[in-house]
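# Descriptive analysis of the structure
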Amino acid sequence: MTTAVCPGSFDPVTLGHLDVVRRAATLFDDVVVGVAKNPGKSGLLDLDTRAELVRAAVRDAGLDRVRVAVVPGLLVDFCREIGAVAVVKGLRGGADFDAEQPMALMNRHLSGVETIFLPGDQRYAHVASSLVKDIVRHGGPVDDLVPAGVPEALRAALGR
Ligand code: PNS
């Protein structure tokens, strides 16, 4: 059985994230979505809330073989603990690659784990968690950008 991890901040999970997870699940026997802290991002939702929203989205999408966990420390330690052979990340474009390449190389340096990049689907090329939060902050609609439950969670966190 080959296990892969789809890591990310998921603050919050978007339909773009979910598409990458769904496609990863067609390539690996076992996929674990790892919800982790990115020190470069301030973070709105707490990790458990983010993981719960991803769990609901995965369940609603019928992705039975996908599990969701909070990554408490280094991603490579989490990969080792669960026996993951690869990290899978989606790339919307060059800016994503520039951000992801150093992390992929560092993770391989630390543990040998390889990262596989999937091209983001063009339908979601404009969808980013940061934009979603900004739209909600200003009272705009995000229902067609994120899974069910996410707009309400964001409104609650932002006091909207
Ligand atoms: O969705 P993001 O913000 O691009 O995901 C980045 C994330 C959370 C996967 C990355 O910051 C991470 O792996 N954090 C866990 C701690 C860690 O392993 N840091 C070293 C990365 S080389």
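Thresholds applied
- Residues numbered from 1 in each chain as written.
- Predicted model: local features only at pLDDT ≥ 70, side-chain atom pairs only at ≥ 80, totals over all residues.
- Heavy atoms only, no water.
- UniProt positions renumbered as here; feature names shortened; annotations may be inferred.
- Phe/Tyr/Trp six-rings, centres within 6.5 Å; stacked < 30°, edge-to-face > 60°.
- Helix = DSSP H or I, 4+ residues; strand = E, 2+ residues; numbered from the N terminus.
- Buried < 20%, exposed > 50% of the residue type's maximum accessible area, 1.4 Å probe, protein only.
- Salt bridge = Lys/Arg side-chain N within 4 Å of Asp/Glu carboxyl O.
- Contact = heavy atoms within 4.5 Å.
- Pairing = 2+ DSSP bridges.
- Axes fitted to C-alpha atoms, helices over the stretch in contact; angles between N-to-C directions.
- Left-handed = near helix turned anticlockwise from the far one by under 90°.
- Nonpolar A, V, L, I, M, F, W, Y, C, P; charged D, E, K, R; others polar.
- Expected span 1.5 Å × (residues − 1).
- Polar contact = N/O pair within 3.5 Å; in protein donor to acceptor, adjacent residues only side chain to side chain.

Under an unreviewed UniProt entry, the protein has the name Phosphopantetheine adenylyltransferase and belongs to Promicromonospora citrea. Taken verbatim from the UniProt record of the protein, the Function (unreviewed entry) comment is "Reversibly transfers an adenylyl group from ATP to 4'-phosphopantetheine, yielding dephospho-CoA (dPCoA) and pyrophosphate." UniProt, in the comment section headed Catalytic activity (unreviewed entry), describes the protein in these words: "(R)-4'-phosphopantetheine + ATP + H(+) = 3'-dephospho-CoA + diphosphate".

### Looking at the packing of aromatic side chains
This model, assessed by the stated rule, comprises one aromatic pair. Between F97 and F117 the ring centres are 5.9 Å apart and the planes differ by 75°, which places this aromatic pair in the edge-to-face class. One end of the pair, F97, is in helix 4 (residues 94-111); the other, F117, is in strand 5 (residues 114-119), with 20 residues separating them in the sequence. Residue F117 is classed as partly exposed on the basis of its relative accessible area, which comes to 25%.

### Focus: the pattern of salt bridges
Tallied over the full model, the rule gives 14 salt bridges. Note that K133 and D11 form a salt bridge whose closest N and O atoms lie 2.9 Å from each other. Of this pair, K133 sits in helix 5 (residues 129-137) while D11 sits in the loop between strand 1 (3-8) and helix 1 (15-27), placing them 122 residues apart in sequence. In this structure K133 comes out as buried when scored by relative accessible area, which is 13%.

### Topic: the UniProt feature "binding site: substrate" (unreviewed entry) in the protein
Under the feature "binding site: substrate" (unreviewed entry), the UniProt entry names S9, K41, L75 and K89. The topology assignment puts S9 in the loop between strand 1 and helix 1. For S9, a relative accessible area of 14% gives the class buried. When sequence neighbours within four positions are dropped, the list of residues in contact with S9 reads V35, A36, N38, K41 and R50. Tracing the chain through its elements places L75 in helix 3 (residues 75-82).

### Some thoughts on the environment of L75
Judged by relative accessible area, L75 falls into the buried class, the value being 17%. Here L75 is in contact with V5, P7, V87 and N107, once residues within four sequence places are set aside.

### Regarding the sheet that holds strand 4 (residues 84-91)
Strand pairing in a sheet relies on backbone hydrogen bonds, with the paired strands running either antiparallel or parallel. Strand order in the open sheet formed by five strands is 3-2-1-4-5, and the pairing between neighbours is parallel. Lying at the two open borders of the sheet, with one neighbouring strand each, are strand 3 (66-70) and strand 5. The sheet shows a mean angle of 30° between the axes of neighbouring strands, taken without regard to direction. Here strand 4 runs beside strand 5; their pairing, made up of six bridges, is parallel. Each residue of the ladder has a partner; that of V87, found in strand 5, is T115.

### A short note on the packing of helix 5 against helix 6 (residues 150-158)
In a pair of packed helices, the angle between the axes and the distance between the axes together describe the arrangement. Between helix 5 and helix 6, the least distance of the axes is 10 Å, while the angle of their chain directions is 65°. Between helix 5 and helix 6 lies a crossing whose hand is right-handed. Taken together, the residues of helix 6 that come into contact with helix 5 (itself represented by V132, K133, V136 and R137) are L154, R155 and L158. Residues belonging to the contact of helix 5 with helix 6 are distributed by class as follows: four nonpolar, no polar and three charged.

### Quick look at helix 2 (residues 47-60)
With 14 residues, helix 2 should reach 20 Å at 1.5 Å per residue; the first-to-last C-alpha distance of 20 Å fits that figure. Of the surrounding secondary structure, the elements contacted by the buried residues of helix 2 are helix 1, strand 2 (30-35), strand 3 and helix 6. Looking at where helix 2 begins, the residue whose side-chain oxygen comes 3.2 Å from the main-chain nitrogen of D48 is D46. Following helix 2 by one or two positions, G62 adopts a phi angle in the positive range, close to 70°.

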